[in-house]
Amino acid sequence: MEEENKEVKSFKDLGLREELVQACDRLGWQKPSKIQAEAIPFALEGKDVIGLAQTGSGKTGAFALPILQALLDYVNNPEPKKGRNPDPAFFACVLSPTRELAIQIAEQFEALGSDISLRCAVLVGGVDRIQQAIVLGKRPHVIVATPGRLWDHMSDTKGFSLRTLKYLVLDEADRLLNEDFEKSLDMILEEIPRERKTFLFSATMTKKVRKLQRACLRNPVKIEADSKYSTVETLKQQYRFVPAKYKDCYLVYMLSEISGSTSMVFTRTCDSTRFLALMLRNLGFRAIPISGQMTQSKRLGALNKFKAGECNILVCTDVASRGLDIPSVDAVINYDIPMNSKDYIHRVGRTARAGRSGVAISLLNQYELEWYLQIEKLIGKKLPEYAAEEEEVLSLLERVTEAKRLSQMKIKESGGKKRRKGGEDEGETERFLGTRDKKSSKKFKR
Ligand code: AMP
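We now turn to the structure provided with this report. (Residues numbered from 1 in each chain as written. Predicted model: local features only at pLDDT ≥ 70, side-chain atom pairs only at ≥ 80, totals over all residues. Heavy atoms only, no water.)

So, the pairing of strand β9 (residues 263–266)
This is how it is decided: Think of it in three bands: with a 1.4 Å probe and only protein chains considered, a residue is buried below 20% of the maximum accessible area for its type, exposed above 50%, and partly exposed in between. Only DSSP runs of H or I with at least four residues qualify as helices, and only runs of E with at least two residues qualify as strands; both kinds are numbered from the N terminus onward. For two strands to be treated as a pair, DSSP must find no fewer than two bridges joining them.
Side chains Ser263 and Val265 project from β9 onto one buried face, and the interleaved Met264 and Phe266 project onto a second face that is buried too. With four bridges connecting them, β9 and strand β11 (residues 313–316) associate as parallel partners. Bridging from a neighbouring strand, Phe266 pairs with Cys316 of β11. Sheet analysis places β9 next to strand β12 (residues 331–334), joined by four bridges and oriented parallel.

Quick look at the packing of helix α6 (residues 147–156) against helix α8 (residues 179–191)
Note the threshold: Lines fitted to the C-alpha atoms define the axes, with helices restricted to the stretch that makes contact. Angles between their N-to-C directions range from 0 to 180 degrees. Any angle that is under 35 degrees is reported as roughly parallel, and any over 145 degrees as roughly antiparallel; angles of 65 to 115 degrees are reported as roughly perpendicular and all others as oblique. Working rule for handedness: look at the near helix, and if it is turned counterclockwise from the far one by less than a right angle, call the crossing left-handed; if clockwise, right-handed. Contact definition: two residues touch when any of their heavy atoms are within 4.5 Å. Charged residues are taken to be Asp, Glu, Lys and Arg, nonpolar residues to be Ala, Val, Leu, Ile, Met, Phe, Trp, Tyr, Cys and Pro, and polar residues to be all remaining types, Gly included.
Between α6 and α8, the least distance of the axes is 8 Å, while the angle of their chain directions is 50°. Classified by the interaxial angle, the pair formed by α6 and α8 is oblique. Like other packed secondary-structure pairs, α6 and α8 cross with a definite hand, here left-handed. Contacts between α6 and α8 pair Pro147, Gly148, Leu150, Trp151 and Met154 from the former with Phe181, Ser184, Leu185, Met187, Ile188 and Glu191 from the latter. Classifying every residue of the contact of α6 with α8 gives eight nonpolar, two polar and one charged.

Section: the site of the ligand
Filter applied, for reference: Throughout, the term near means that a residue has one or more heavy atoms lying within 4 Å of the molecule or strand in question. What qualifies as a polar contact is a pair of N or O atoms within 3.5 Å, subject to a donor-acceptor requirement within protein and to the restriction that residues adjacent in sequence count only when both atoms come from side chains. Calculation of accessible area relied on Shrake-Rupley with a 1.4 Å probe; when residues are assessed, cover is drawn exclusively from the protein chains displayed.
Taken together, the neighbourhood of the ligand is formed by 17 residues, with Lys31, Gln36, Gly56, Gly58 and Thr60 sitting nearest. The separation between a nitrogen atom of the ligand and a polar side-chain atom of Gln36 is 2.8 Å. One nitrogen or oxygen atom from the main chain of Lys59 is found 3.3 Å from an oxygen atom belonging to the ligand. Notes on the ligand: free accessible area 490 Å², of which the protein chains cover 84%. Counted by class, the shell around the ligand contains four nonpolar, nine polar and four charged residues.

Remarks on helix α2 (residues 34–44)
Given 3.6 residues per helical turn, the α-helix brings residues three or four places apart onto the same face. All buried positions along α2 are accounted for by Ile35, Gln36, Ala37, Ala39, Ile40 and Ala43. Where the residues of α2 are buried, they touch β1 (49–52), α3 (59–75), β6 (197–202) and β7 (221–224).

Comments concerning the sheet that holds strand β10 (residues 287–290)
Taken in spatial order, the six strands make up an open sheet running β8-β13-β12-β9-β11-β10, and their pairing is parallel. The open sheet terminates on both sides in strands that have one partner only, identified here as β8 (235–241) and β10. Between one strand and the next, the sheet's axes are offset by a mean angle of 20°, whatever the strand orientation. Sheet strands in contact with helix α13 (residues 341–348) are β8, β9, β12 and β13 (358–364), and its direction is about 150° off that of β12.

Thoughts on the side chain of Thr146
Positionally, Thr146 belongs in the loop between β4 (142–145) and α6. In this view, Thr146 contacts Ser96, Pro97, Thr98, Arg99, Leu123, Val124 and Gly125; residues no more than four positions away in its chain are not counted.

Considering unusual backbone geometry
Although it is not a glycine, Glu172 sits at a positive phi angle of roughly 45°. Tracing the backbone through its elements, the reader meets Glu172 in the loop between β5 (167–170) and α7 (173–176). Phi at Asn219 is positive, roughly 40°, even though this residue is not glycine. Inspection of the secondary structure assignment puts Asn219 in the loop between α9 (207–216) and β7. You can call Asn219 exposed: its relative accessible area is 69%.

Concerning the environment of Leu276
With respect to the helices and strands, the residue Leu276 is situated in helix α11 (residues 270–282). For the pair Leu276 and Ala403, spaced 127 residues apart in the sequence, the C-alpha separation amounts to 9.7 Å. Non-local contacts of Leu276, meaning those with residues more than four positions away in its chain, are made with Asp248, Leu251, Thr267, Val315 and Tyr335.

Pasting the structure below:
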């Protein structure tokens, strides 16, 4: 949580029902975040809301709490003669661009709704559709879905429709608008009732988001939790210019300097997440890869290991840079500079949250300078250089080279095994990591 609001004292002041105030209390949310303080009163009034906010701002609570309040209001019909309304199914739907984010949103709904018997379903790709259809048969109040899978169910699953939908949330709308989702999103919007409330949350206001807003929302109230692309004060940002051939060596040096901290290492490709994680493990680091290439269960498994502290270095692509709720990351290392400078903001937003301090170090080589300059322009400042004696860094070269050789060999080997046995790629990696872990007795020391 980045920002807290000084004027609003409590969730109660926002007009939330006692059940929900208690739920926030149970979660340890002492007071509303800025986006919550500003969005919730309008949402409770029944307005459509556009929230410009990033993950970490508390935006999930900003849309979940008003939806839960509306659900409670609906069930406890205020007209006493009519009695209670029937338990409403498919009351709200949240669309998310990634499976992980969808799961996290559902977790927050469940946590906030645990005392009011909330039923919540997650519909994402990579998970058995029949299982999901069974869950839909239980008539959940809230559905959190990625657009493709939701549309699959809307078109195929018997007895399921969103005709009764009262609330639609488009979360991380800028990312929902990519080509993969465009078609399903259009079809979903065609199908659902026009008489509904819509909340749209986005980190950035692009042309496409504006178009979606015009098509989808009615007289919305616009709220900006963080209008500029800025990075928080408690974040120490640095860069280091390194020759491409020594990048790995610098990465190892930096990680050993902050050994024991939790870090996320960002790479550009899925293959390099796997390779780097293997290399780091060969050197005794507790690293784990996560990327879009992995199966859903492997991704969640990796994320859980990281969350539980079993591994303290998450090597990831941009898939993991947004939306994931990973508490207390001490450092973000950009092993590869993002080509899109807005991704830089999202990546480094994984650290220095909730007023804590954090570091973000970007490694850049001769080919990446152009992108780096774009980043400096976007954040509006020149960053200091990460200080390290090259000689000291290069004293690691031999061990790093050997660790890389081993990783290459293992990747080649597991590729061969996979071809021979038709086995699953990630599984081979995991098995190798398992054996390697036991053998590497000591933590890597310089
Ligand atoms: P979000 O931006 O919705 O992904 O939320 C980021 C994190 O902040 C989650 O772990 C939430 O549980 C937490 N959070 C949300 N609202 C509050 C609040 N008012 N006070 C403290 N933590 C919060």
